[in-house]
Amino acid sequence: MTVVLVTAFVATLVAALAAPAEAAPGRYTGGTYVALGDSRASGSFYTPTPAYFAGCKRSAFNYPTLVAGANLPRRFIDASCAGAQATHLYQTPQHTSGGTKPVQLHLVPRNAQLITVSIGGNDMRWNAVLSQCRTPAFTDRRCRYNRNLENEVRSRVALMENRVTPALKAIRAKAPNAQIIVVGLGGFIGSTGCWPLVPLSDPDARWIREVFNRANGALWRASTKVGATFIDANRRSAGHDACNLVNPWYESALSNRIALPFHVNQAGAVAFAAMVNGAIRR
């Protein structure tokens, strides 16, 4: 009996050693790069190009295009689309003013080597929180003390995490060897308001900024589950919010031509591209 057990153990051990290990994401060597996500990826700042007017507001020099220009992938696929939610990445076609867009994951080849993802803001609907805190000059909505709003924030962040997690898992399953880099939310609110550009009281601005820190915590947790690299855009954009009159990376509440309000501008796209480039393992 002992001999049988030992023999079975040895056979199992040999089989385990002989089985190929699951391949881990390798260093980037110029293979296929795919950009997925919502308006943070598509850019949404105005450029007179067909891609901008085709329903996804895909700017000519959004951060994925700049990343591709710096790394010269053998193939570059930009599937990003303004308004996308997590389900549009892997499950549901997206209806836009320019027609229905296919599920973004359908455009990802299995041999993709680099994938960037910007998603979650439309699942969280951060603007529904921000709109409750807008205030005229020299007034304070005191959102930070609103218990109902605090509960709403908790619910929205949890919902976002529950939606983004399966989307990232689907991406990992489709491209098991790819480096996945997830770009977080926020950055357009600093430590102060600046009416009318950012119509918030200073304390509420700091509270909103912390809300985005919490949202990024949720995105970081979702990223770690698939071995993705997470970029905390909220913290790394410090000092370049919409109140910065010299070098803002985001447009203000008054923007209606350069970019969508509180969305990244061209300078922000350049900054995001630099963050992504710094995160790529080569």
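Residues numbered from 1 in each chain as written. Predicted model: local features only at pLDDT ≥ 70, side-chain atom pairs only at ≥ 80, totals over all residues. Heavy atoms only, no water.

Concerning the pairing of strand β5 (residues 114-118)
Within β5, 5 of the 5 residues are buried, which leaves it mostly tucked inside the rest of the structure. In terms of strand pairing, strand β1 (residues 33-37) meets β5 through 5 bridges, oriented parallel. Its bridge partner being in β5, L36 is matched across the sheet by V117. In this sheet, strand β6 (residues 179-183) lies alongside β5 in parallel orientation, the contact comprising 4 bridges. Residue V117 lies in a different strand from β6, and its bridge partner there is V182. (Buried < 20%, exposed > 50% of the residue type's maximum accessible area, 1.4 Å probe, protein only. Helix = DSSP H or I, 4+ residues; strand = E, 2+ residues; numbered from the N terminus. Pairing = 2+ DSSP bridges.)

So, the side chain of R40
The topology assignment puts R40 in helix α2 (residues 39-42). Buried R40, no salt bridge; nearest opposite-charge side chain is D38, N-O distance 5.6 Å. Among the polar contacts listed, one links the side chain of R40 to the backbone oxygen of G184, at a separation of 2.8 Å. Reaching out from R40, the side chain makes a polar contact with the backbone oxygen of G186 at a distance of 3.3 Å. (Lys, Arg positive; Asp, Glu negative; His and termini not counted. Salt bridge = Lys/Arg side-chain N within 4 Å of Asp/Glu carboxyl O. Polar contact = N/O pair within 3.5 Å; in protein donor to acceptor, adjacent residues only side chain to side chain.)

Some details on the state of the cysteines
Evaluated as defined, the whole model comprises 3 disulfides. Sulfur-sulfur distance for the disulfide between C56 and C81 comes to 2.0 Å. Looking along the S-S bond of the C56-C81 disulfide, the torsion reads about -85°, which is the left-handed sense. Linking C56 in helix α3 (residues 50-56) with C81 in the loop between β2 (76-78) and α5 (86-90), this pair joins segments that are 25 residues apart in sequence. Exposure class is identical for C56 and C81. Each is buried. Here the protein pairs its bonded cysteines, counted in sequence order, in the arrangement 1-2, 3-4, 5-6. (Disulfide = S-S within 2.5 Å.)

Structural notes on the side chain of E161
With respect to the element layout, E161 can be found in helix α8 (residues 147-174). The contacts of E161, once residues within four sequence positions are left out, are A218, R221 and K225. (Contact = heavy atoms within 4.5 Å.)

Some details on the confidence of the model for the protein
Scored by pLDDT, the protein has a mean of 93; 91% of the residues are at 70 or more. Long-range and interchain partners of residues 1-22, a stretch whose pLDDT sits below 50, account for 0 contacts in this model, where long-range means more than four residues apart. (pLDDT = per-residue confidence, 0-100.)

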